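Residue-level listing of the chains:
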Amino acid sequence: MASDSKTDNETPARDYRETIFLPETPFPMKAGLPQREPEWLARWEKMDLYGRLRLEAKGREPFILHDGPPYANGNIHIGHALNKTLKDIVVRSQQMMGKDANYVPGWDCHGLPIEWQIEEKYRAKGKNKDEVPSSEFRRECRDFAAGWIEIQKAEFKRLGITGDWDNPYTTMAFGAEAKIVEEFLKFAREGGGLYRGSKPVMWSIVEKTALAEAEVEYHDHVSRTIFVKFPVRKGPAELDGACVVIWTTTPWTIPGNRAIAFSKTIGYGLYRIEAVDEGSLSQVGDLLVLADGLADEVFKAAKVSAWERKQAVDPSTIATTAHPFAGQGYEFDVPLLAGDFVTDETGTGFVHIAPGHGQDDYELWMSSFGQKGIPDTVNAEGVYYDHVPLFAGKFVLTRQGKEGTANAAVIEELQKAGRLLSQGKLTHSYPHSWRSKAPLIFRNTPQWFISMETNNLREIALAEIDKTRFVPAAGRNRIYSMVEGRPDWVVSRQRAWGVPLTLFVGKNDGAILRDEAVNNRIVEAVKAEGADAWFDKPASYFLGEAYNPDDFEKVTDILDVWFDSGCTHAFVLEDRADLRSPADLYLEGSDQHRGWFHSSLLESCGTRGHAPYKQVLTHGFTLDEQGRKMSKSLGNTIVPQKIVEQNGADILRLWVASTDYWEDQRIGPEIIKSNVEAYRKLRNTFRYMLGSLTGFSDAERVPLADMPELERAILHRLFELDELVRKAYNDYDFKRVFHAVSNFMTVDLSAFYFDIRKDALYCDALSSTRRRACRTVLDHLFMSLTAWLAPILCFTTEEAWLTRFPSEDGTVHTRLFPDLPAEWRNDALAEKWRKVRELRRVVTGALEVERREKRIGASLEAAPDVYVTNAELLAAMEGLDLAEIAITSQARLIDGEGPADAFRLEDVPGVAVVPQLAQGKKCARSWKILPEVGSVPGFPDLTPRDAAAVQEFDARRKG
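Residues numbered from 1 in each chain as written. Predicted model: local features only at pLDDT ≥ 70, side-chain atom pairs only at ≥ 80, totals over all residues. Heavy atoms only, no water.

**Observations concerning the overall build of the protein**
Piece 1. Secondary structure summary: the protein contains 28 helices and 32 strands in total.
Piece 2. In terms of C-alpha radius of gyration, the protein reaches 39 Å, well past the compact-globule figure of 30 Å for 959 residues.
Piece 3. In terms of principal-axis extent, the alpha carbons of the protein reach across some 130 × 75 × 50 Å.
Piece 4. Put simply, the protein has 959 residues, and 57% of those count as buried.
Piece 5. Partitioning the intrachain contacts of the protein with sequence separation of at least 6 by distance along the chain shows that 76% fall at a separation of at least 24.
Piece 6. Here the protein displays about 39,900 Å² of accessible surface, and carbon together with sulfur accounts for 50% of that area.
Piece 7. Across the protein, the centroid of the 119 positively charged side chains sits 3 Å from that of the 141 negatively charged ones. (Helix = DSSP H or I, 4+ residues; strand = E, 2+ residues; numbered from the N terminus. Rg over C-alpha atoms; globule rule 2.2 N^0.38 Å. Buried < 20%, exposed > 50% of the residue type's maximum accessible area, 1.4 Å probe, protein only. Contact = heavy atoms within 4.5 Å. Areas by Shrake-Rupley, 256 points an atom, 1.4 Å probe, with all protein chains shown as cover. Lys, Arg positive; Asp, Glu negative; His and termini not counted. Charge placed at Lys NZ, Arg CZ, Asp CG, Glu CD.)

See the structure below:
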């Protein structure tokens, strides 16, 4: 600025600072988000923002995102934060694009996640759950869930999630439980597909219940492996004395063996053992039937050093074998059956069939013999029944999910009987309970199933999948293959906390009582008193006078919790006047292809014939910065509450929007730090705009036709961005929104447009068309950018909006994305300025070298000569002030090659820069160095432009 020094006979130099229009704004550089965000939340609650949004959107096209209910059983984790923030961005963006985007949050309140917590409480007191009255236990579960709903609600609201928090849905509300019962009874009607069957299901010994596939996760598990000999009992004469060999990873299932499976496409042979190594359980002369492709591996495992293949064997000619424990209570024949699941990849080419302990086993046995002959060998505790010879009372797995005594006992008895060929261990992927983390078993047990076939449920569901939009598209193939190959739906659970299977079954014939009057009484009772009514009221209350309660069994199993959540479309979307079905969107993690997406699809298709959703959007899982799954043992868990406390919810929301959430994404201290830095740049851009717009009014506006080229080029970019932002929001591609807008704000605006125009903003006269045009553009930028980023940075954009437009009840969130005029689009001008920016980049590169070498300080000290041979670049610069664009005091554009030592950039051919020092005097106001400084009388230290601006300033002040 101007110096205050003077000499004799000189007039003191004027201080021109008051005449310069520097940005002024109360919008602070330091955000203080952890302290400020709660204030915005309180404000939104006081003004009933959600109610305002509904009122202002009334009559618009609805957009319904149906909330998948989280379990009410603990503080929210980073996955919850990701999920709910994504939903909030969807709802806010759709609302601001002109829809009526309602959001009703919900909670899943039944099932193991909650029941397990209450059981743990009793176990800590040394008490068994079964000692507690059912009504008291269920009440504790209900209270537990209700308490966590309030905690999670507060945690979700702190993230800035806007929704109908005063009226959420819960699966344990009496009306919801009644609707679940009503939906279940639709399947119980004639032709509805519900049946009771005895088949092997995945069973948790720890939780003492059947589990569905959605409740199962797979982990590495070490299993004992055995090769077992089954003596041929009925077959060709040449196989007298031979044994068929099977291999299994579950020795404890041998007592449940009833058949052996082979493949029609595999070659088999009869092998005679010629020599054995020390420690082998085989003897010279033993005859074994094996798949030819696996014989070498089998003999290696059995420590057999020499053998001879005697002849080919067709397994279909072997009618039966003897059980390995024949003569000890296992006298039945073991038939050989062809199975298309048998391969020669591992094992022996033969599969031991225990129809009570495996899905393939069960289906093969059923196709040959029906239900007859399927044994029950293991009880709910994982213990062999008393009727199982040799092994009664042995544990398959312990209560903690560890290997029990059964495997060792079976192997010992096989060795005693001379039927064990070899044993070993194998680490492989094995099903575990997602709750207790304990390994599961397949156990034959009576359960209730919904058929995938008799009611065409599979066919309908697959057709509906093809009608649904999946984002990302790979989600379609994932759920399609699951539905295509899934078995019947096991809907019964042997638990206490949940909605019961409200059925009466005839004691004599096992038939379901199908009576609408009875069903109506059940539904009304549950509606009035909740699901407890089924357990608390006697059977006679529901059966009425038409039936004798002694003739019926009252089913006390509870429904699969996935059936509960699968019904939410019925008691949320259909029952609430502010919603509709099917929903526009379901959004959850990719694991829900086998969970909520899946169960909702089957329930809706089974009762309504169509899917409950039009679109399905999935996100991946959150990993640490090294790509590892988060776990307490690794100490790498990231807690969303801590991020919010330290940095603010907007930083977490920025991470959500900037990550490639369709895949597994990462988070950690360094990633958060980079998001803080990205946020800082965006905030500073808003701050600069706010400061530069102080006092702006409509009277200042400049029409498009009167704007300089640079302003029109920026409005073109804004128009382009508008199209991109709307499409990306509709495609749920929030990363594209964030990166496009962030790049525009930091590169196009802060580093280019604002850099060039700060001289005009600060130093031009208030009446200057250039300055007014710039402020007009800044207004358009502010109006668009605050709207586009409001769904992501909901707190910061509110702060920016109210800084500029203070109001008791105003808010950025009731706005719509601005409709930008089509006349802003100017592709030719955009291409021209793309070339201008290329040329500018060479000049700024040259000046950076000069600064580094300390030959200049600020760029205004320079007056570069810019040599251009590229005709397109020369044409682009026509009519433009190169010094203004390069932010130098002077500049010359020269048609020519330039000297050999000129500065060049390889990727911008045809441009060479020779830096020179600016000639003239330094303006005391704008700091430009020009020969014409002092040419205006009365202003010896100003350029003509600055002198005119000061004259106008003085005149306005006097006027």
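**Some points on helix H9 (residues 406-416)**
Piece 1. For H9, the set of buried residues is Ala 406, Asn 407, Ala 409, Val 410, Ile 411, Glu 413 and Leu 414.
Piece 2. Elements that come into contact with the buried residues of H9 comprise strand S7 (216-234) and strand S16 (420-433).
Piece 3. One or two residues past the end of H9 sits Gly 418, with phi positive at roughly 75°.

**Observations regarding the packing of helix H21 (residues 709-730) against helix H22 (residues 734-763)**
Piece 1. As a packed pair, H21 and H22 sit with axes 9 Å apart at the nearest point and diverge in direction by 170°. Relative to H22, H21 is oriented roughly antiparallel. Where H21 abuts H22, its residues Leu 710, Glu 711, Ile 714, Arg 717, Leu 718, Leu 721, Leu 724, Val 725, Ala 728 and Tyr 729 lie against Phe 734, Arg 736, Val 737, Ala 740, Val 741, Phe 744, Asp 748, Leu 749, Phe 752, Tyr 753, Ile 756 and Arg 757.
Piece 2. When its residues are assigned to classes, the contact of H21 with H22 shows 17 nonpolar, no polar and 5 charged. (Axes fitted to C-alpha atoms, helices over the stretch in contact; angles between N-to-C directions. Parallel < 35°, antiparallel > 145°, perpendicular 65-115°, else oblique. Nonpolar A, V, L, I, M, F, W, Y, C, P; charged D, E, K, R; others polar.)

**With respect to the sheet that holds strand S18 (residues 469-471)**
Piece 1. Here 5 strands make up an open sheet; going across it, the order is S2-S1-S24-S25-S18 and the pairing parallel. Both outer strands of the open sheet, strand S2 (100-102) and S18, are each paired with one neighbouring strand and no more. The mean inter-strand angle of the sheet, taken between neighbouring strand axes irrespective of direction, is 20°.
Piece 2. Of the strand pairs in this sheet, strand S1 (residues 62-66) and strand S24 (residues 585-589) are connected by 2 bridges, and their pairing is parallel. Paired with Leu 65 across the strands is Leu 585, a residue of S24.
Piece 3. This element, helix H3 (residues 78-96), spans S1, S2, S24 and strand S25 (615-619) of the sheet and lies at about 155° to S24. (Pairing = 2+ DSSP bridges.)

**Quick notes on the packing of aromatic side chains**
Piece 1. Overall, the coordinates contain 37 aromatic pairs when judged by the stated rule.
Piece 2. Ring centres of Tyr 195 and Phe 449 lie 5.4 Å apart, and the angle between their planes is 20°; on these two criteria the pair is classed as stacked. Separated by 254 residues along the polypeptide, Tyr 195 in strand S5 (residues 194-204) and Phe 449 in strand S17 (residues 441-450) bring together distant segments of the chain.
Piece 3. The class for Tyr 195 is partly exposed, based on a relative accessible area of 26%.
Piece 4. What makes Phe 449 buried here is its relative accessible area of 1%. (Phe/Tyr/Trp six-rings, centres within 6.5 Å; stacked < 30°, edge-to-face > 60°.)

**Observations regarding the environment of Arg 680**
Piece 1. Note that Arg 680 resides in helix H20 (residues 669-692).
Piece 2. Sequence-wise, Arg 680 and Arg 945 are 265 residues apart; in three dimensions their C-alpha atoms are separated by 35 Å.
Piece 3. Within the structure, Arg 680 has its side chain in polar contact with the side chain of Glu 677 (distance 2.4 Å). (Polar contact = N/O pair within 3.5 Å; in protein donor to acceptor, adjacent residues only side chain to side chain.)

**Considering the environment of Arg 904**
Piece 1. Relative to the helices and strands, Arg 904 resides in the loop between strand S29 (892-895) and strand S30 (911-914).
Piece 2. Residues Arg 904 and Gly 845 lie 59 residues apart in sequence; the distance between their C-alpha atoms is 8.5 Å.
Piece 3. Excluding anything up to four places from it in sequence, Arg 904 contacts Glu 897, Gly 898, Pro 899, Val 911 and Ala 912.
Piece 4. Within the local environment of Arg 904, its side chain forms a polar contact with the backbone oxygen of Pro 899, the two atoms lying 3.3 Å apart.

**Describing unusual backbone geometry**
Piece 1. Along the chain, Val 471 connects to Pro 472 via a cis peptide bond; the corresponding omega equals -5°.
Piece 2. Mapped onto the elements, Pro 472 comes out in the loop between S18 and helix H11 (474-485).
Piece 3. One non-glycine residue, Leu 390, lies in positive phi territory at about 75°.
Piece 4. For Lys 854, which is not glycine, the phi torsion reads 60° and is therefore positive.
Piece 5. Tracing the chain through its elements places Lys 854 in the loop between helix H25 (827-852) and strand S28 (865-868).

**A closer look at the side chain of Arg 92**
Piece 1. Tracing the sequence through the fold places Arg 92 in helix H3.
Piece 2. Under the relative-accessibility criterion, Arg 92 is labelled buried at 7%.
Piece 3. A distance of 2.6 Å separates a polar atom in the side chain of Arg 92 from a polar atom in the side chain of Thr 162.
Piece 4. Not counting chain neighbours up to four residues away, the residues in contact with Arg 92 comprise Trp 44, Gly 160, Thr 162, Arg 653, Ala 790, Pro 791, Cys 794 and His 813.

**A short note on the sheet that holds S29**
Piece 1. Strand order in this open sheet of 3 strands is S29-S28-S30, and the pairing throughout is mixed. Lying at the two open borders of the sheet, with one neighbouring strand each, are S29 and S30. Averaged over all pairs of adjacent strands, the angle between strand axes in this sheet comes to 25°, irrespective of strand direction.
Piece 2. Relative to S30, S28 runs antiparallel, the two sharing 4 bridges. Paired with Val 866 across the bridge in S30 is Val 913.

**Quick notes on the pattern of salt bridges**
Piece 1. In total, this model carries 87 salt bridges according to the counting rule given.
Piece 2. With a shortest N-O distance of 3.1 Å, Glu 553 and Arg 196 are connected by a salt bridge. Here Glu 553 is found in strand S22 (residues 552-554), whereas its partner Arg 196 is found in strand S5, with 357 residues between them in sequence. (Salt bridge = Lys/Arg side-chain N within 4 Å of Asp/Glu carboxyl O.)

**Let's talk about the environment of Arg 158**
Piece 1. Note that Arg 158 resides in helix H5 (residues 134-158).
Piece 2. Given the relative accessible area of 19%, Arg 158 is considered buried.
Piece 3. When the C-alpha atoms of Arg 158 and Val 644 are compared, they prove to be 8.3 Å apart, with 486 residues separating the residues in sequence.
Piece 4. In this structure Arg 158 touches Leu 33, Pro 34, Glu 37, Pro 38, Leu 41, Val 644, Ala 649 and Phe 795, once residues within four positions along its chain are discounted.

**Description of the confidence of the model for the protein**
Piece 1. Looking at the protein as a whole, its pLDDT mean stands at 93, while 98% of the residues score no less than 70.
Piece 2. Below pLDDT 50 for its whole length, residues 1-10 participates in 11 contacts with residues either more than four positions away or in separate chains. (pLDDT = per-residue confidence, 0-100.)

**A closer look at helix H8 (residues 359-369)**
Helical geometry note: an α-helix holds 3.6 residues per turn, so side chains three or four residues apart project in the same direction.
Piece 1. Where H8 is concerned, the buried positions are Asp 361, Tyr 362, Leu 364 and Trp 365.
Piece 2. Buried-residue contacts for H8 involve S5, strand S9 (259-262), strand S14 (333-338) and strand S15 (351-353).
Piece 3. At the C-terminal side of H8, Gly 370 shows a positive phi close to 75°.

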